[in-house]
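Coordinate inspection notes
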Amino acid sequence: MEAIILAGGFGTRLRPLTYTRAKALLPILNKPMVFYLISMLPKEVDKVILAVNYRKDQIEKHLKNNDFGKEIIVNDEPEPLGTGGAVKFAEKHITGPFFVLNADIICSLNLDDMIDFHEKKNAVSTISLWPVKNVSEFGVVDMKDDGNVIGFVEKPKPEDAPSNLINAGAYFLEPEVLDYIETGRLVSMEKEIFPQIINDTRKFFGFEFKGYWTDVGRIQSYIDVHKFLLKNQQLEYSKGNTCEINGKLSESCIGNNVFIGENSNLESTIVFDNVKIGKRAVLNNCVIGENCKINDCSRLTNTVVGDNEIIVENIVLDNKMVWNQPVPHGYPKKQIGNVIGE
Ligand code: GDD
Ligand code: MG
């Protein structure tokens, strides 16, 4: 059985961290985000197809260096084909019913249970569902009591949302769904394909689950997922190898080779590898990229600092995105695939 992991987005809402790396490789508790997804795949899945384009070499390199006990295929799109186009582009690898997973979700979904549900319902398409308050950032379903999905609308205005149940970004599909997707053009699964399947009154079902779910697509959700996982593991903080901590850390995570000076205080903050933080620095709700230097007495709140940046001493930054280097060529100004309010 195959699983396609959609990992080709630019991760524009995670700028500037994604100027230098694929979103799927952003570390969560010092492990690339996509590793969590691969680890949650059922035994039956013996082939994982990573649908990539932006920063595909990085993804390839990370996956080559790890053994997941499954065949891993890095399927490189010549250009971004969208969530549907990327699935169609993987068609040659599909041999039966298959999973499609957004690469940026961290959740407690049990994919074996989802297969059982799909088979019981004799469905053509089963999508995982999660209840939220902020529906307009997601795809929202209209569903009958028996789980039959009769409407799907991507990023609706709150007043147009048919329910509070959103697409949790994991699908189990019969191969015939591939026939709905045109070859060689940008196709959105959510905006084009799901509505067509529903329109054709094919068996489209929603699978609700319990536990936790996060789309790690925004800086705040990226910080929040760390706090959640730390709490789950009853940890005040987590650290990589060869760190020296002289200050205080709470609800925070630091990478490898991080130095924290005396009397510095980090709260709800994620620090990547090879970072030096000086004395009496205060960081609250921040993300600090690789190879950064944060000098003495700086105070940062709600701020994200891209790789290789230097923050001067005594500075106060609130709600800032720090990036003083050129934006990579071809990086879009805004989200292209699943834009809000289009
Ligand atoms: N290969 C490939 N090619 N992957 C892509 C492309 C593409 O052109 N565009 C986006 N992706 C990948 C992203 O990397 C991400 O893993 C996944 O597809 C979903 O794209 P996002 O950009 O993260 O979409 P979203 O978060 O706004 O909305 C999606 O996820 C929500 C749940 O988290 C939609 O599926 C919503 O309906 C859903 O509720
Ligand atoms: Mg997302």
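Quick caveat: nothing in here was measured; it's all calculated off a predicted structure.

Turning to the overall build of the chain, a few remarks are in order. Across its full length, the chain holds six helices and 29 strands. For the chain, the C-alpha radius of gyration of 21 Å lies close to 20 Å, the compact-globule estimate for 342 residues. Principal-axis analysis of the C-alpha atoms places the extent of the chain at approximately 65 × 40 × 35 Å. By element, 46% of the accessible surface of the chain is carried by carbon and sulfur atoms, the whole surface being about 15,400 Å². In the chain, the 38 positive side-chain charges and the 46 negative ones have mean positions that sit 5 Å from each other.

Note that V135 resides in the loop between strand 8 (125-131) and strand 9 (139-143). Taking the C-alpha atoms as reference points, V135 and A161, separated by 26 residues in sequence, lie 7.0 Å from one another.

Each pair of donors in an ideal four-coordinate tetrahedral metal site encloses 109.5 degrees, whereas pairs in an ideal six-coordinate octahedral site enclose 90 or 180 degrees. Distances from the magnesium ion (ligand 2) to its protein donors, D104 (OD) and D215 (OD), fall at 2.1 to 2.6 Å. Of this pair, D104 sits in the loop between strand 6 (98-102) and strand 7 (105-107) while D215 sits in strand 13 (residues 213-215), and the two are 111 residues apart along the sequence. Residue D104 shares its accessibility class with D215, and that shared class is buried.

Turning our eyes to something else, we now look at a negative patch on the surface. A cluster of acidic residues, E44, D112, D113, D116 and E119, forms a negative patch at the surface. Following the sequence through the fold, D116 ends up in helix 4 (residues 111-121).

In this section: helix 3 (residues 82-89). Judged by how many residues are buried, helix 3 sits mostly within the fold: six of eight residues are covered. Within helix 3 the residues assigned to the buried category are T83, G84, G85, A86, V87 and K88. On its buried face, helix 3 sits against strand 1 (2-6), strand 4 (47-52), strand 6 and helix 5 (189-199).

Our next topic: the domain arrangement of the chain. The assigned domain composition of the chain is domain 1 (2-215) and domain 2 (219-322). Listed per partner, the contact involves 18 residues of domain 1 and 26 residues of domain 2. Of the roughly 1,700 Å² buried at the junction of domain 1 and domain 2 (both faces included), carbon and sulfur atoms supply 70%. For the pair domain 1 and domain 2, the number of links is two salt bridges. At the boundary of domain 1 with domain 2, the tally comes to seven residue pairs in polar contact (both at pLDDT 80 or more). Contributions of two or more residues to the side of domain 1 that touches domain 2 are made by strand 2 (27-28) and strand 13.

What counts and what doesn't
- Throughout this description, residue numbers start from 1 for each chain and increase along the sequence as written.
- Each chain takes a letter, starting from A, and each ligand takes a number, starting from 1, following the order in which they are written.
- Since the coordinates come from a predicted model, pLDDT governs what is reported: local features require at least 70, and pairs of side-chain atoms require 80 or more to be given and counted, while whole-chain, interface and lining totals use all residues.
- To obtain the side-chain values, all non-hydrogen atoms of the structure were used and water was disregarded.
- Only DSSP runs of H or I covering at least 4 residues are called helices, and only runs of E covering at least 2 are called strands; the numbering of each starts at the N terminus.
- Both definitions apply: the radius of gyration is a C-alpha atom measure, and the globule rule equals 2.2 Å times residues to the power 0.38.
- Computed with a 1.4 Å probe, the accessible areas rest on the Shrake-Rupley method; for each residue, only the protein chains presented here act as cover.
- His is not counted here, nor are the chain ends, while Lys and Arg score as positive and Asp and Glu score as negative.
- Lysine's charge is taken at NZ, arginine's at CZ, aspartate's at CG and glutamate's at CD.
- Note that water is not among the atoms used; donors are N, O and S atoms within 2.8 Å of the metal (3.2 Å for Na, K and Ca), so sites may look incomplete.
- Under the scheme applied here, a residue whose accessible area is under 20% of the maximum for its type counts as buried, over 50% as exposed, and between as partly exposed, the area being computed with a 1.4 Å probe on protein chains only.
- Candidate patch residues must exceed 30% relative accessible area and have no salt bridge, after which like charges are joined if within 9 Å and Val, Leu, Ile, Met, Phe, Trp or Tyr side chains if within 5 Å.
- When a carboxyl oxygen of Asp or Glu lies within 4 Å of a side-chain nitrogen of Lys or Arg, that pair is called a salt bridge.
- Here, two residues are considered to be in contact whenever any of their heavy atoms come within 4.5 Å of each other.
- Segment limits for the domains were obtained from an automatic or database-derived domain assignment.
- Throughout, the accessible surface (probe 1.4 Å) given up by two parts as they are put together, summed over both, is called the buried area.
- N or O atoms closer than or at 3.5 Å make up a polar contact, with two conditions inside protein: a donor-capable atom paired with an acceptor-capable one, and, for residues adjacent in sequence, both atoms drawn from side chains.

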